[in-house]
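The residues making up each chain are set out below.
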Amino acid sequence: PNTILLFSSVNALRKSPALWVLALNVWLLKRKQVVFWHEASSVVRVTAGLQGPSWWRRLFRRLHFAAVRYFLDNGLTWHLAVSMQTKQLVLFLLGVQAERVLVSGNAIEAERCPVRERAAARPELRACMAGDPSWQKGFDLFIELARELPAWRGQPVRYTWYGGTTEWLRQIDGDARGDLIRRAGVRLAGFVSPLLDALKAEDLFVFTSRSDGFGLAALEALACDIPVFCFDSSGIAEILPPEFICSCPADLKKKIEAYLENLDRYPAGAFRKIALGCGRERFLETWRTLEHALGFSGGLPSP
């Protein structure tokens, strides 16, 4: 009886075997099931058939998602969402009761993240972003910022994008974007592991994603005590102070400049403190609430 059928991500629901598992569970096994929604909202929209490259693909995805929705629309299904933004999207797509969707946030072991040395003097400011260099991640917005803010009070700003496969970066370099990137002075570092070792040498993390539910790389940057700027369409905005949440590219540039003007307002550890509030214990607290709602007597052990 203490069994959960867990679908970790909406991408799991996109796979055809998920339909058979859902049908078997709902019609026969009657096990309690949980879906963990943590992808970008753009991925969820594609899964639901709300957007896609062609009408027939959107139609196929809508039919597939309609079947998935049917199997999720029962009293044994609960949901975890990484942000309130994602929760609202789930409520819109599934029409379930709000009480059945819990917001867990994302979690990292912030205590293990290296802290940026603020006192170290460098001839340049360093701004970065991490993820696949794509439109969804705001790669074009990052390039635009690099062109609009190449220096601060005579000090050059070095822009670095971490992420992307070798083939993807080669394709970008070979088309029209390559010249644009070079003119903007953006450095493509490719996939870096561990990312934390690179982040501790940065001064700003510019989370340009248009639709991420709760960017893990942004949370890692906060854990390294690096300020994170984001757009109000991203779930990470739910934990950031208002002066780091931007409405448009022009507002992003304005707020970065305002931060650089007032560095003394932010003592050492100010940003790391935000990440410390998104640790394992916070996630487990939400999970225990879910277990209680499901009627479990046992559960995951404390860390």
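Above this text you will find the structure in question.
In this text, all values refer to a predicted model and were calculated from it rather than measured experimentally. (Residues numbered from 1 in each chain as written. Predicted model: local features only at pLDDT ≥ 70, side-chain atom pairs only at ≥ 80, totals over all residues. Heavy atoms only, no water.)

**A look at the sheet that holds strand S3 (residues 77-81)**
Taken in spatial order, the four strands make up an open sheet running S1-S2-S3-S4, and their pairing is parallel. In this open sheet, the two strands that pair with only one neighbour each are strand S1 (4-8) and strand S4 (101-103). Taken pair by pair, the neighbouring strands of this sheet meet at an average axis angle of 20 degrees, ignoring direction. Note: S3 against S4, three bridges, orientation parallel. By the bridge assignment, Leu 80 is partnered in S4 with Leu 102. Where helix H5 (residues 84-94) meets the sheet, it contacts strand S2 (32-37), S3 and S4, and its direction lies at approximately 170 degrees from that of S4. (Pairing = 2+ DSSP bridges. Helix = DSSP H or I, 4+ residues; strand = E, 2+ residues; numbered from the N terminus. Axes fitted to C-alpha atoms, helices over the stretch in contact; angles between N-to-C directions. Contact = heavy atoms within 4.5 Å.)

**Digging into the packing of aromatic side chains**
Pairs of aromatic rings are described using the distance from one ring centre to the other and the angle between the two planes. Counted under the stated rule, the structure contains 15 aromatic pairs. Ring geometry for Phe 142 against Trp 161: centres 5.3 Å apart, planes inclined by 80 degrees, an arrangement best described as edge-to-face. Note that Phe 142 is positioned in helix H6 (residues 139-148) and Trp 161 in strand S7 (residues 155-162), a separation of 19 residues in sequence. Of the two residues examined, Phe 142 and Trp 161, each falls in the buried class. Judged by centre distance (6.3 Å) and plane angle (25 degrees), the rings of Phe 205 and Phe 207 are stacked. Judged by its relative accessible area of 2%, Phe 207 falls in the buried class. Members of the aromatic cluster, each reached through a chain of ring pairs, are Phe 229, Phe 244, Tyr 259, Tyr 266 and Phe 271. (Phe/Tyr/Trp six-rings, centres within 6.5 Å; stacked < 30°, edge-to-face > 60°. Buried < 20%, exposed > 50% of the residue type's maximum accessible area, 1.4 Å probe, protein only.)

**Description of the nonpolar core**
Ranked by internal contacts, the top residues of the largest apolar core, which has 70 residues, are Tyr 159, Leu 199, Phe 205 and Ile 256. Sequence-distant contacts of Ile 256, that is, excluding residues within four places in its chain, are made with Leu 145, Leu 149, Leu 204, Val 206 and Phe 229. Within the second largest apolar cluster, 23 residues are counted, among which are Val 10, Ala 18, Val 26 and Ala 48. (Core = buried A, V, L, I, M, F, W, Y, C linked by side-chain atoms within 4.5 Å.)

**Notes on the side chain of Ser 83**
Structurally, Ser 83 is set in the loop between S3 and H5. Among the residues examined, Ser 83 registers a relative accessible area of 0% and is labelled buried. In contact with Ser 83, other than residues within four places in its own chain, are Val 103, Gly 213, Phe 214, Gly 235 and Glu 238.

**Re the pattern of salt bridges**
Proximity of charged atoms lets side chains of opposite charge pair with each other. On inspection of all chains with the given rule, the structure shows 14 salt bridges. Between Arg 126 and Glu 124 there is a salt bridge; the shortest N-O distance is 3.5 Å. Given a relative accessible area of 18%, Arg 126 falls into the buried group. One network of salt bridges, with partners in common, ties together Glu 124, Arg 126, Arg 158 and Glu 202. (Salt bridge = Lys/Arg side-chain N within 4 Å of Asp/Glu carboxyl O.)

That is the geometry; function is a separate question.
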